[in-house]
Amino acid sequence: MRARKAKEFLIERLIYLCGFISIAFVILIFIFLIKEGGALFKAVGLWDFLAGKEWYPISEPARFGILPLILGSLFVTIGAALISIPIGVASAFYIAEVAPKGLRDVLKSGIELLAAIPSVIIGFIGMITLVPFIKHLFNLPTGLTAISGSITLAFMAMPTIVSVAEDAIVAVPRSYKEGALALGATYWQTIYRVIFPAALPGIIAAVMLGVGRVIGETMAVMMVTGNAAAIPHGLLEPVRTLTATIAAEMGEVVTGSDHYHALFAIGIVLFAITFIINFIADLSLRKVRR
Amino acid sequence: MRISFLITILVVIFGLSIGCASTPQELKGSIQIKGSDTMVNLAQAWAEAFTKKYPNVNIAVTGGGSGTGIASMISGTCDIAISSRTMKEKEISQAKAKGVEPVEHIVARDGIAVVVHPSNPVKNLTIEELRAIFIGERKNWKEVGGKDAKIVILSREVNSGTHVFFKEHILRRGIEKGPEEFAPTALLMPSSQAIADEVAQNSNAIGYYGMGYISPEQKVIAVSKDKALPYLEPTTEAVKKGEYPIARPLFIYTKGAPQGAIAAFMDFVFSQDGQKIVRDIDFVPIK
C-alpha cells in the first residue's frame, strides 16, 4: 500500500515537472531573445529600428531599419489570409455539415495529409511552377513576388484552419440545428444564421492559428518572394520577410556584433507578433469552451 | 534555400595501410573546410584528390558564404576558411581577440561573369553602366541599348563574398567604404545557382556569379572599363592577363602557419595537380 502511494506520488511529481519544463523553456527562450536582441538598442534607437526604411546590415555604417521587412511579412500574411480564410472556413463547413459520411473521412484525411508536407517541398514546387506562372499571368518583370509567397503559404495555413474550424462547427450543440430546422429554416439559413454565429469564436481561433503559422514560416517564403528589402507597394512586388532575413543572414554574423543583435531583435518582433496572435486565438477558444 | 550550405561532403577513405610505410599513408587527421559558395566545388575537388593520396586524412567541405567561413574559423568550428574576399580589419581584430592568427594564401583567381537571358539583345556594358544598373539609377533596358522593359536586378545575399566584392569594386568604384548600395529593389538570391536559374527563365533579369557557373542557359555580357577600351568576356586568358575588369583572387585562410595535415593540404593546393584542378573547375590558376 505504501509502495503504491510512493509510486503515485513520484509519477504525480514527474508529470508536474514535465508541465513546468515546457513553460520554463518558453521563458528561457524569451529571456535569451531579450538579452541578445536588447543589446542592439545601445547602438540603434528603437524607433530607427522599427521605422527605418533601409536594411543594409553589413555596410559601414550599417543601417538596421526593419520597416520594409515588417511590411514584407505583413503583405505576404494578408495575401495568404485573404486566400486561405474563405476557402478554409467554407471547406470546414462543407466537411462538417454538407458532405456525405464517406466523403467526409476522405476529405478530412486529405487535408491532414496536406499539413504533413514539409514546407521546403511546397516552396520548391512553388518556385518551379508558381513563380513563372505569376510572372506571365500579371506580365511582371519577375514572378518572385509577395503574392507567390501568399499563395504558397495559403496552402500551409489551410490544414490548420480547416481542422480547427471543423472541430468548432461539430461542437455546436445538435439541438441548435434541430431547433432551427424545426422552425422551418432551410439548411443554408441554419448554417449561416445559427451554426456560424455559434461556432464563430472557434473559427476566429482557427484563423488566428493559421495566420500564426504563416507569419512564422521561413523556408517556403524565402524561396519564392525574391527577398528584396525595399518598401513594397502591392502584392505584385518582391518582398523580404522578417523570418527570411534571420534565416538568410544568421549563418554569416559574427557572434556579438551589431548585426547579430539586430537579427535577435527581429526575433523579438516576431515573437511579439506571434504572441499577440496566439493570445487572441486563446481568448476565442476559451469563449468556445464556455 | 542554401543548397551548398546543406551539402556537406564527407570524404572518408578507409586506410589500407597494412605493411606500407610511405609518408602519405602515415599522415592522419581531419580537416574542416568552410566558406565561399564560389569556391565550394573547387575545395571539394581538392579534398577528393588529396584524400586519394592521403587516405588517412578526412576532409569535410561546407559552403555558406565567405563571411560564414571566416566567422566559423574565428569561433573555432573549422580549420580552413575558403573566401572570395580578403578578411575585413574588423574580422582580423576579432580573430586576434580570440587568439587566432589568420594567415592569408591566394590559391586561384576568378572572373565574375555578368549574365543576362539569352534573348536579351544587350551584348556589351561598361563598368559605369553596370554600376548605374545595380544601384538602381537606370531602371529600363532601353537606357542601355536593350528593349523597353524593366531591369530585374539579381544579387547574392549579404553573406556572399561575391556580393561584397561586386559592391566594393563596381558599385563603389573600388572605394571600400563608399556610400553606394545595391538598389533596394535588387532581389537577393540565396545561391549562385539560384541566380543562374532565375536568369535562365527571366528575360529581364541581370545577375552576376563566379565564371565557374557560366552555362549556355545564360548569356555572358562583355565588360569594359571604358567605352574606348575593348569589351571582354571572362575567359581564363583575359583574367590571367589582368585584362578582364571584374576579376579577383580567391583565398584560403588558415589559423597560423599550416601544420601537419593542413600543411600537406596547402602544399597539394599549390602543386601542379592542385592548380590543374583549378583549371578543370573553370577558375584561373595562379601560376
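Remember, predicted model here, so these are calculated numbers, not experimental data. (Residues numbered from 1 in each chain as written. Chains lettered and ligands numbered in written order. Predicted model: local features only at pLDDT ≥ 70, side-chain atom pairs only at ≥ 80, totals over all residues. Heavy atoms only, no water.)

Now for the pairing of strand S9 (residues 205-210) of chain B. All names here are of chain B. Extensive coverage of S9 is indicated by the burial of six of its six residues. Of the pairings in the sheet, the one linking strand S5 (residues 102-116) to S9 comprises five bridges and is antiparallel in character. From the neighbouring strand, valine 116 faces S9, where its bridge partner is isoleucine 206. As defined by bridge partners, strand S7 (residues 152-156) adjoins S9 across two bridges and the pair is classed as parallel. Note on S9: the bridge partner recorded for isoleucine 153 is isoleucine 206. (Buried < 20%, exposed > 50% of the residue type's maximum accessible area, 1.4 Å probe, protein only. Helix = DSSP H or I, 4+ residues; strand = E, 2+ residues; numbered from the N terminus. Pairing = 2+ DSSP bridges.)

All names here are of chain A. This structure, assessed with the given rule, holds 19 aromatic pairs over all chains. Between phenylalanine 30 and phenylalanine 271, the ring centres sit 5.0 Å apart and the planes meet at 35°, which makes this aromatic pair tilted. Of the two residues, phenylalanine 30 sits in helix H1 (residues 2-38) while phenylalanine 271 sits in helix H11 (residues 258-289), which places them 241 residues apart along the sequence. Overall, the relative accessible area of 38% leaves phenylalanine 30 in the partly exposed class. (Phe/Tyr/Trp six-rings, centres within 6.5 Å; stacked < 30°, edge-to-face > 60°.)

Let us now look at the packing of helix H3 (residues 67-98) of chain A against helix H8 (residues 187-216) of chain A. Residues and elements named next belong to chain A. One can describe the packing of H3 onto H8 by two numbers: an axis separation of 9 Å at closest approach and a directional angle of 135°. With respect to each other, H3 and H8 are oriented oblique. Viewed along their axes, H3 and H8 form a crossing whose handedness is right-handed. For the pair H3 and H8, contact is made by Thr77, Ala80, Ala81, Ile85, Val89, Phe93, Glu97 and Val98 and by Tyr187, Ile191, Ile195, Phe196, Ile203, Val207, Val211, Val214 and Ile215, respectively. A per-class count over the contact of H3 with H8 returns 15 nonpolar, one polar and one charged. (Axes fitted to C-alpha atoms, helices over the stretch in contact; angles between N-to-C directions. Parallel < 35°, antiparallel > 145°, perpendicular 65-115°, else oblique. Left-handed = near helix turned anticlockwise from the far one by under 90°. Contact = heavy atoms within 4.5 Å. Nonpolar A, V, L, I, M, F, W, Y, C, P; charged D, E, K, R; others polar.)

Moving on, we get to the interface of chain A and chain B. On the chain B side, the residues contacting the 29 residues of chain A number 31 residues. Taken over both partners, the interface formed by chain A and chain B buries close to 2500 Å², and the fraction arising from carbon and sulfur atoms is 58%. Where Arg240(A) meets Glu157(B), a salt bridge forms, and the shortest distance between an N and an O atom there is 3.0 Å. At the junction of chain A and chain B, the tally comes to eight residue pairs in polar contact (both at pLDDT 80 or more). Looking at the side of chain A that touches chain B, its residues break down into 18 nonpolar, five polar and six charged. (Buried area = accessible area lost by both parts, 1.4 Å probe. Salt bridge = Lys/Arg side-chain N within 4 Å of Asp/Glu carboxyl O. Polar contact = N/O pair within 3.5 Å; in protein donor to acceptor, adjacent residues only side chain to side chain.)

All names here are of chain A. Mapped onto the elements, aspartate 167 comes out in helix H6 (residues 146-170). Taking the relative accessible area as the measure of exposure, aspartate 167 reaches 46% and is therefore partly exposed. Considering only alpha carbons, one finds aspartate 167 and alanine 96, 71 residues apart in sequence, at a separation of 8.2 Å.

Let's shift gears to helix H7 (residues 161-171) of chain B. Residue and element names in this part refer to chain B. Where burial is concerned, most of H7 is hidden: ten out of the eleven residues are buried. For H7, the complete set of buried residues consists of Gly161, Thr162, His163, Val164, Phe165, Phe166, Lys167, Glu168, Ile170 and Leu171. Elements that come into contact with the buried residues of H7 comprise helix H4 (66-75), S5, helix H6 (127-134), S7, S9 and strand S12 (247-255). The backbone nitrogen of threonine 162 lies 3.1 Å from a side-chain oxygen of the residue at the head of H7, namely serine 160. After H7 finishes, the residue arginine 173 shows a positive phi value of roughly 50°.

Here the structure, examined in full by the defined rule, presents 22 salt bridges over all chains. The shortest N-O distance in the salt bridge between Arg131(B) and Glu180(B) comes to 2.8 Å. With Arg131(B) in helix H6 and Glu180(B) in the loop between H7 and strand S8 (187-189), this pair connects stretches of sequence that are 49 residues apart. We classify Glu180(B) as buried; its relative accessible area is 16%. Across the pair Asp148(B) and Lys142(B) runs a salt bridge, and its minimum N-O distance is 3.9 Å. On the basis of relative accessible area, Asp148(B) is assigned to the exposed category, the value being 58%. Each of Glu54(A), Arg63(A), Lys167(B), Arg172(B) and Glu181(B) takes part in salt bridges that share partners, so that together they form one network.

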